[in-house]
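Results of the structural survey
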Amino acid sequence: MVTCIKYKSFVKGSLLGFVSFYVEKWGIEINGCTLNQKDGRRWINFPSKEFEVEGEKKYQPLIKFKDKAHMDIFCDMAKKSIDEYCSKMERNDQ
């Protein structure tokens, strides 16, 4: 199970916000993820390290699944957990 433990909205370009997750099965927190959206598609990026190649900014993820199917499963669970977190925060604000 993937649980969103923190979400901070920050809309800029495709970026929607910054996210921290807890993965119960692994007993690990993953901080510094991003939620992105473009053309109606939402996805999660893991924390990354910025570097330059010939003056162009590039990013290398610090965490990566070897199997794309595992990343897809994680992203689906992560997006649902963000939606649940935001819904819970909205209810608490009312």
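Before reading further, recall that the structure is shown in the block above.
Scoring rules and cut-offs
- Residues numbered from 1 in each chain as written.
- Predicted model: local features only at pLDDT ≥ 70, side-chain atom pairs only at ≥ 80, totals over all residues.
- Heavy atoms only, no water.
- Disulfide = S-S within 2.5 Å.
- Helix = DSSP H or I, 4+ residues; strand = E, 2+ residues; numbered from the N terminus.
- Buried < 20%, exposed > 50% of the residue type's maximum accessible area, 1.4 Å probe, protein only.
- Polar contact = N/O pair within 3.5 Å; in protein donor to acceptor, adjacent residues only side chain to side chain.
- Contact = heavy atoms within 4.5 Å.
- Phe/Tyr/Trp six-rings, centres within 6.5 Å; stacked < 30°, edge-to-face > 60°.
- Core = buried A, V, L, I, M, F, W, Y, C linked by side-chain atoms within 4.5 Å.

1. Topic: the state of the cysteines
- One pass over the full model with this rule turns up zero disulfides.
- Unpaired in this structure, C4 has its nearest cysteine sulfur neighbour in C86, at a distance of 6.5 Å.

2. Notes on the side chain of S81
- Summarising the element assignment, S81 is placed in helix α1 (residues 68-93).
- The exposure class of S81 is buried, given its relative accessible area of 5%.
- Within polar-contact distance, the side chain of S81 engages the backbone nitrogen of C4 at 3.3 Å.
- Every residue in contact with S81, bar those within four places of it in the chain, is listed here: V2, T3, C4 and F21.

3. Observations regarding the packing of aromatic side chains
- Scanning the model with the defined rule gives six aromatic pairs in all.
- Consider the rings of F10 and F18, whose centres lie 5.7 Å apart with planes at 45°: the pair is tilted.
- Look at F65 and F74: their rings are 5.8 Å apart centre to centre, the planes differ by 45°, and that puts the pair in the tilted class.
- Accessibility expressed as a relative area gives 2% for F74, which makes it buried.
- Chaining the aromatic ring pairs together yields one cluster made of F21, W26, F46, F65 and F74.

4. So, the nonpolar core
- Y7, V19, F21, I44, F74 and I82 are the most contacted members of the largest nonpolar core, which totals 18 residues.
- Sorting the residues of this core by element identifies β1 (2-12), β2 (15-23), β3 (28-38) and α1 as the ones contributing at least two each.
- Examining the composition of this core, we find that six residues originate from one element, α1, more than from any other.
- Ignoring any residue separated from it by four or fewer positions in sequence, one finds V19 in contact with C4, K6, Y7, I30, N31, G32, C33, L35 and I82.

Functional significance is not addressed by these values, which are geometric in nature.
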